[in-house]
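Per-entry structural report
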Amino acid sequence: MKPDAGRFKVDAARATLNATLRQNLNHTLGLIRARRDAAFEALTAPEELQEIGQAIKQESLARLPELLERLEDRLTARGIQVHWAETADEANAIVLEIARRRGVQLVVKGKTMVSEETELNRFLQRHGIEVLEADLGEYIVQLAQQPPSHIVAPAIHMNRREIADLFHEKLGEPYTVDIEAMTAMARRVLREKFKTAGMGVTGVNFAIAETGTLCLVENEGNGRMCTTAPPVHVAMMGLEKVVANLSDLPTLNRLLTRSATGQAISTYFNWISSPRRRGEKDGPEEVHVVILDNGRSSVYSDGELRDTLACLRCGACLNICPVYARIGGHAYRAVYMGPIGKILTPQLAGLETAGHLTGASTLCGACAEVCPVKIPIPDLLLRLRQEGSQPTAAGRALFGPGAGSQRKPAEAMLWKGWQVLHDRPAYYRAATALARAAAALLPRRAASLSPWGRRRELPVPARASLHALLRNRPGA
Amino acid sequence: MSARDNILNRLRIGARTAFAHPNATTAREAEWAAKQPPIGDPARRFLAEIGKVGTSYLRVPDWTAVPDAVTSWVREYGISSVMTGTTPALEPLREHLRAQGVDTRILAETAETQREEIFNTDCGITTARGAIADTGSLLLIPSAQEPRLLSLAMPVHIALLERANLFPTLADYLANNEFRNQPPTNLVLVSGASRTADIELTLTVGVHGPKVLLVALIG
């Protein structure tokens, strides 16, 4: 799955016309926004909590190399094996190597966006290892052979009837639209898998450098199963997931669950600090952590864009985004969709590939308001648009991948013309006079300019300009 | 050069970028927490919070009253088999349950050797290290005596919690340095029965973990 400017236009247009999708998204996003708002309104001074969360993440980012080394040191001291991967391919190869050494045939997975980023499932399957998603939403989209359409609620684009059809067809279960019954089907199927899987793969919500602790936030218990039942646990994390102190956890977790689902805390908040110790009767014998870069260190090198790495992956910006609500998650053709995806994807994949996503925004600013760590998403969108449309001749090397790739010569020329007209009063007066005179001849729609223009009418020039009106006002 | 060194070297260059960051976030967190509505009596708050997510509880005056409380649940939920760890403190409870004709098992070997038994028992019983009042969270620290699966694999989980071990907030628990000094293999905060909302955001209880969570508050 790769972002593609041409397909994005087609997919987005198609999605806005898909009544079922719109209905499914409206229903779920409406509920989730209300829950998030209620959870924050129940707090005194919620904005202050966001500011503290922001400060914690910025502090951790400022000390990133030091904290990663400390994390590695603490984890290693207690027997957790740490691996570093510069690219998605390297990360996958590390997981495969562990699986082969342990003779793993079946992998069960908790929800992990990093493994979506590396396309781990497809990779392992290609090497003959069965992979099963255990989070219910992930399990649904895996059965449907689709990518997740939301980073927290992967099957948000589907309604119960669509899921009922899927379960009936793929699992051979009797058809039912009863959500409890469908959940029970998934429980039955996955139970057997937990019992026999040779490896559990999960993500990491927070990695605590101070103590060497991996924290997982979840509601279903699939994360606990994946980290308890199989003999090997592999946790995959982006390198930005490290935070300095244990005492940072209360604030970050308060913000994460409230922003993601409106819960004060998730059902399970699971802290892992070592593999099974001598005498313990369950838990994995081996615990591995794969720390993934995959473009993050280049994002990190820019003081402004670095804010992107503060993201907790709560999904609140998706839930409130007017664009996401209308086109859904699949149209982006990116692992990270919605507002955070629009700033993260072009930085990870390069502006040539994903620069068009920075334009898929109304810049309404709602995402920045709900962000639990106050990432200035609209500012970063503007910055990336600038990077994308700067003249390549200027050869600015500050932002490497794809700078200037989004520049459109016609657009640049129009702006140049605009600048000339507004610089010289004589030209300006001549041009506006011409426009007034030719008003009747101008097209009513700006169809040729952009898709945006296709839906809008051009304003009709006034018969007399403001200058003229003022000059001719009575008593002038 | 290894991937590790390449990554860290790139980050070290980036880390030089000047960055304004306030340092004392922990103090700010405490200040912020002090502004929140008071927690009041931790036990009352804890029970109110767990009630919100459908967790039932019984209050008992001391450990001697635990067996009767558990027996009443065994009847109410039609439990025919239970499993505990090897915790000596639970021996009176195990004896009582056996006397009541309940199939009472012990996870004494390993999860691998007792796998079928573990996944085919109705109810797991564990103690709790403590609980967090403001979020209604049990604080479980599984151990060699009380393995992790006891609070995870069975459809019903009964947790035995002493009132003296309630902490008003998570920050209060962390402040006692117990975790910091000796991080356990696994610590888990449990705030209800296993649940999902992945289909139409409709809350459904009992996905991969217990469908029913019961708490006996002792003291």
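Our structure is the block above this text.
Rules used throughout
Residues numbered from 1 in each chain as written. Chains lettered and ligands numbered in written order. Predicted model: local features only at pLDDT ≥ 70, side-chain atom pairs only at ≥ 80, totals over all residues. Heavy atoms only, no water. Helix = DSSP H or I, 4+ residues; strand = E, 2+ residues; numbered from the N terminus. Buried < 20%, exposed > 50% of the residue type's maximum accessible area, 1.4 Å probe, protein only. Contact = heavy atoms within 4.5 Å. Lys, Arg positive; Asp, Glu negative; His and termini not counted. Charge placed at Lys NZ, Arg CZ, Asp CG, Glu CD. Expected span 1.5 Å × (residues − 1). Arc of directions from axis to C-beta. Phe/Tyr/Trp six-rings, centres within 6.5 Å; stacked < 30°, edge-to-face > 60°. Lys NZ or Arg CZ within 6 Å of the ring centre and 35° of its normal. Pairing = 2+ DSSP bridges. Patch = residues over 30% accessible without salt bridge, like charges linked within 9 Å, V, L, I, M, F, W, Y side chains within 5 Å. Areas by Shrake-Rupley, 256 points an atom, 1.4 Å probe, with all protein chains shown as cover. Salt bridge = Lys/Arg side-chain N within 4 Å of Asp/Glu carboxyl O. Buried area = accessible area lost by both parts, 1.4 Å probe. Polar contact = N/O pair within 3.5 Å; in protein donor to acceptor, adjacent residues only side chain to side chain. Nonpolar A, V, L, I, M, F, W, Y, C, P; charged D, E, K, R; others polar. Core = buried A, V, L, I, M, F, W, Y, C linked by side-chain atoms within 4.5 Å. Axes fitted to C-alpha atoms, helices over the stretch in contact; angles between N-to-C directions.

1. What about the overall build of chain A?
Counting its regular elements, chain A contains 23 helices and ten strands. Taken across its 476 residues, chain A has 57% of its residues classed as buried. Partitioning the intrachain contacts of chain A with sequence separation of at least 6 by distance along the chain shows that 72% fall at a separation of at least 24. Each charge sign in chain A was given a centre, from 60 positive and 50 negative side chains, and these centres are 8 Å apart.

2. Some remarks on helix α4 (residues 64-77) of chain A
Residues and elements named next belong to chain A. With 14 residues, α4 extends 20 Å between its outermost C-alpha atoms, agreeing within 8% with the 20 Å of an ideal straight helix rising 1.5 Å per residue. Of the positions making up α4, those classed as buried are L64, P65, L67, L68, L71, E72 and L75. The buried residues of α4 occupy an angular sector of 165° when the element is viewed end-on, so they sit on one face. At the exit of α4 stands G79, carrying a positive phi of roughly 95°.

3. Describing helix α12 (residues 249-261) of chain A
Residues and elements named next belong to chain A. Between its first and last C-alpha, α12 extends 18 Å over 13 residues, near the 18 Å set by a 1.5 Å rise per residue. The buried count for α12 comes to twelve of 13 residues, which makes it a mostly enclosed element. Buried within α12 are the following residues: L249, P250, T251, L252, N253, R254, L255, L256, T257, R258, S259 and A260. Immediately beyond the C-terminal end of α12, within one or two residues, lies G262, with a positive phi of roughly 80°.

4. Some details on the packing of aromatic side chains
Residue and element names in this part refer to chain A. Under the defined criterion, the tally for this structure stands at seven aromatic pairs over all chains. Between Y324 and Y332 the ring centres are 6.5 Å apart and the planes differ by 20°, which places this aromatic pair in the stacked class. Among the residues examined, Y324 registers a relative accessible area of 0% and is labelled buried. Overall, Y332 belongs to the buried group, its relative accessible area being 1%. An aromatic cluster is defined as three or more aromatic residues linked by ring pairs; in this entry it consists of F8, Y324 and Y332. Between the NZ or CZ atom of R306 and the centre of the ring of Y300, over which it lies, the distance is 3.8 Å. Here the basic side chain of R313 rests over the ring of Y336, its NZ or CZ set 4.6 Å away from the ring centre.

5. What to know about the sheet that holds strand β8 (residues 242-243) of chain A
In any sheet, the strands associate via hydrogen bonds between backbone groups, in a parallel or an antiparallel arrangement. Strand order across the open sheet formed by eight strands is β8(A)-β5(A)-β6(A)-β9(A)-β9(B)-β6(B)-β5(B)-β8(B), with mixed pairing between neighbours. Strands with a single pairing partner mark the edges of an open sheet, and in this sheet they are β8 of chain A together with β8 (166-167) of chain B.

6. A word on a nonpolar patch on the surface
Nonpolar side chains collect at one region of the surface, where L421(A), Y427(A) and Y428(A) lie side by side and expose about 270 Å² of accessible area between them. With respect to the helices and strands, Y427(A) occurs in helix α21 (residues 425-437).

7. Quick look at the interface of chain B and chain A
Contact residues are listed per partner, giving 77 residues for chain B and 95 residues for chain A. Regarding the contact of chain B and chain A, the summed buried area is about 7900 Å², with carbon and sulfur atoms giving 57% of it. For the pair chain B and chain A, the interface holds eleven salt bridges. Here R254(A) ties to E29(B) by a salt bridge, and the two come within 2.7 Å at their closest N and O atoms. Where chain B packs against chain A, one counts 49 residue pairs in polar contact (both at pLDDT 80 or more). Every element with two or more residues in the side of chain B that touches chain A is listed here: α1 (3-14), α2 (25-35), α6 (115-119), α7 (170-175), α8 (178-181), β9 (186-190) and β10 (195-196) of chain B. No other element matches the nine residues that α1(B) contributes to the side of chain B that touches chain A. When grouped by side-chain class, the residues that make up the side of chain B that touches chain A number 35 nonpolar, 25 polar and 17 charged.

8. Concerning the nonpolar core
Residues M199(A), F206(A), W271(A) and I375(A) are the most contacted members of the largest nonpolar core, which totals 127 residues. Broken down by element, the residue count for this core peaks at six residues, all from helix α5 (residues 88-101) of chain A. Among residues more than four places away in sequence, those in contact with M199(A) are V95(A), I98(A), A99(A), V104(A), L106(A), V107(A), V108(A), P230(A), V232(A) and V234(A). Within the second largest apolar cluster, 36 residues are counted, among which are I163(A), I118(B), L149(B) and I199(B).

9. Quick notes on the sheet that holds strand β7 (residues 156-162) of chain B
All names here are of chain B. Read from one edge to the other, the open sheet built from six strands follows the order β1-β12-β7-β4-β2-β3, with strand pairing classed as parallel. Every other strand in the sheet has two partners, leaving β1 (56-60) and β3 (103-106) as the edge strands with one partner each. Within the sheet, the average angular offset between the axes of one strand and its neighbour, ignoring direction, is 20°. Bridge count between strand β2 (residues 81-84) and β3: four bridges; the pairing is parallel. In the sheet register, V82 faces β3, and the bridge partner there is T104. Sitting on the sheet, helix α5 (residues 91-99) touches β2, β3, β4 (123-127) and β7, and the angle it makes with β3 is about 150°.

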